[in-house]
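# Breakdown of the fold
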Amino acid sequence: MKLDKVLSISGKPGLYELKAQTRGGFVAESMLDGKKISVNMRHNVSLLSEIAIYTYSEEVPLREVFQKIYDKENGGEAISHKESKAKLEEYFSEVLPDYDEDRVYISDIKKIIQWYNLLVSKGITDFSKGDENASEESSETEKTPKDTGGEEE
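Summarised in this report is the structure supplied together with it. Everything numeric here is computed off the predicted structure, so don't read it as measured data.

### What about the side chain of Ser8?
Looking at the secondary structure, you find Ser8 in strand β1 (residues 6–9). What makes Ser8 buried here is its relative accessible area of 14%. If we skip the residues at most four places from it in the chain, Ser8 touches Leu15, Asn44, Val45, Ser46, Leu48 and Trp115.

### What to know about helix α3 (residues 106–121)
Spanning 16 residues, α3 covers 22 Å between terminal C-alpha atoms, matching the ideal 22 Å at 1.5 Å per step. Every buried residue of α3 is accounted for by Ile109, Ile112, Ile113, Trp115, Tyr116, Asn117, Leu118, Leu119 and Val120. Within two residues after α3, Gly123 carries a phi angle of roughly 80 degrees, on the positive side.

### Re helix α2 (residues 85–95)
One turn of the α-helix equals 3.6 residues, which is why residues spaced by three or four share an orientation. Those residues of α2 that fall on the buried side of the exposure criterion are Leu88, Tyr91, Phe92 and Val95. The buried residues of α2 occupy one face: seen down the axis, they fall within an arc of 95 degrees. Residues of α2 that are buried in the fold lie against β6 (52–54), α1 (62–72) and α3.

### Details of the nonpolar core
Ranked by internal contacts, the top residues of the largest apolar core, which has 29 residues, are Leu48, Val65, Phe66, Phe92 and Leu119. Broken down by secondary-structure element, the contributors of at least two residues to this core are α1, α2 and α3. The element best represented in this core is α3, accounting for eight residues.

### A word on the packing of α2 against α3
Contact geometry for α2 and α3: axes closest at 10 Å, N-to-C directions at 70 degrees. By the angle class used here, α2 and α3 are roughly perpendicular. α2 and α3 meet at a crossing whose hand is left-handed. Contact with α2, carried on its side by Lys85, Leu88, Glu89, Tyr91 and Phe92, involves Ile106, Ile109, Lys110, Ile112 and Ile113 of α3 and no other residues of that element.

### Examining the pattern of salt bridges
As enumerated under the stated definition, the model contains eight salt bridges in all. Glu94 is the salt-bridge partner of Lys72, the closest N and O atoms lying 2.7 Å from each other. Residue Lys72 is found in helix α1, and its partner Glu94 is found in helix α2; the two are separated by 22 residues along the sequence. The class of Glu94 is partly exposed, set by a relative accessible area of 46%. In this structure, the salt-bridge partner of Lys85 is Glu89, at a minimum N-O distance of 3.9 Å. You can see Lys85 and its partner Glu89 sitting in helix α2, four residues apart, about one turn around the helix.

Conventions used here
- Each chain has its residues counted from 1, running along the sequence as written.
- In keeping with the predicted nature of the model, local features appear solely for residues at pLDDT of at least 70, side-chain atom pairs appear and are counted solely at 80 or more, and the whole-chain, interface and lining totals rest on all residues.
- Only hydrogens and water are removed before side-chain values are computed, so all heavy atoms of the structure are retained for them.
- Counting from the N terminus, the helices are the DSSP runs of H or I reaching at least four residues and the strands are the DSSP runs of E reaching at least two.
- Working definition: with a 1.4 Å probe on protein chains only, accessible area under 20% of the residue-type maximum means buried, over 50% means exposed, and in between means partly exposed.
- Note on contacts: a residue pair is in contact if any heavy atoms of the two residues lie within 4.5 Å.
- Helix span, as expected, comes to 1.5 Å for every residue beyond the first.
- Think of it as the arc spanned by the lines of direction from the helix axis to the C-beta atoms.
- What we call a nonpolar core is a set of buried Ala, Val, Leu, Ile, Met, Phe, Trp, Tyr and Cys residues that are connected through their side-chain atoms within 4.5 Å.
- To obtain each axis, a line is fitted to C-alpha atoms, and for helices this fit is confined to the stretch in contact; angles are then taken between N-to-C directions over 0 to 180 degrees.
- To sort the angles, those under 35 degrees are grouped as roughly parallel, those over 145 as roughly antiparallel, those from 65 to 115 as roughly perpendicular, and the leftovers as oblique.
- Left-handed describes a crossing whose near helix is turned anticlockwise from the far helix by less than a right angle; the clockwise case is right-handed.
- Definition used for salt bridges: Asp or Glu carboxyl oxygen within 4 Å of a side-chain nitrogen of Lys or Arg.

Right, here's the structure in full:
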């Protein structure tokens, strides 16, 4: 599973996998307990593939931060998100040395490490960018029937 199917829902713990779209929102399954919930448009939802971390030079996509942690830990879990503030900041500066300390809070660092550990524990370790060519091909096949539909006379 790619990060474009993984959600963070404000006010709800852990991460969720996008399962299906509905008229008023979508259905998501908790990665913590496997329960499915219905999410409407009033919830503040973020796709992990759309989140970026501030550095002094640019915004680094979260998937790249996850990949750096993955490389640092040789595919294993990172330190606990419950470690002391000093340990977490030291660890995060090893992973992303130029992160903007004024705009990336300790709560953000805790969340990133907690999310990373949850993903790795669920066997999700593919932090590469989604395949853009596949989406282009599917949109091409959607157009094809419309183009050929008017030729019967």
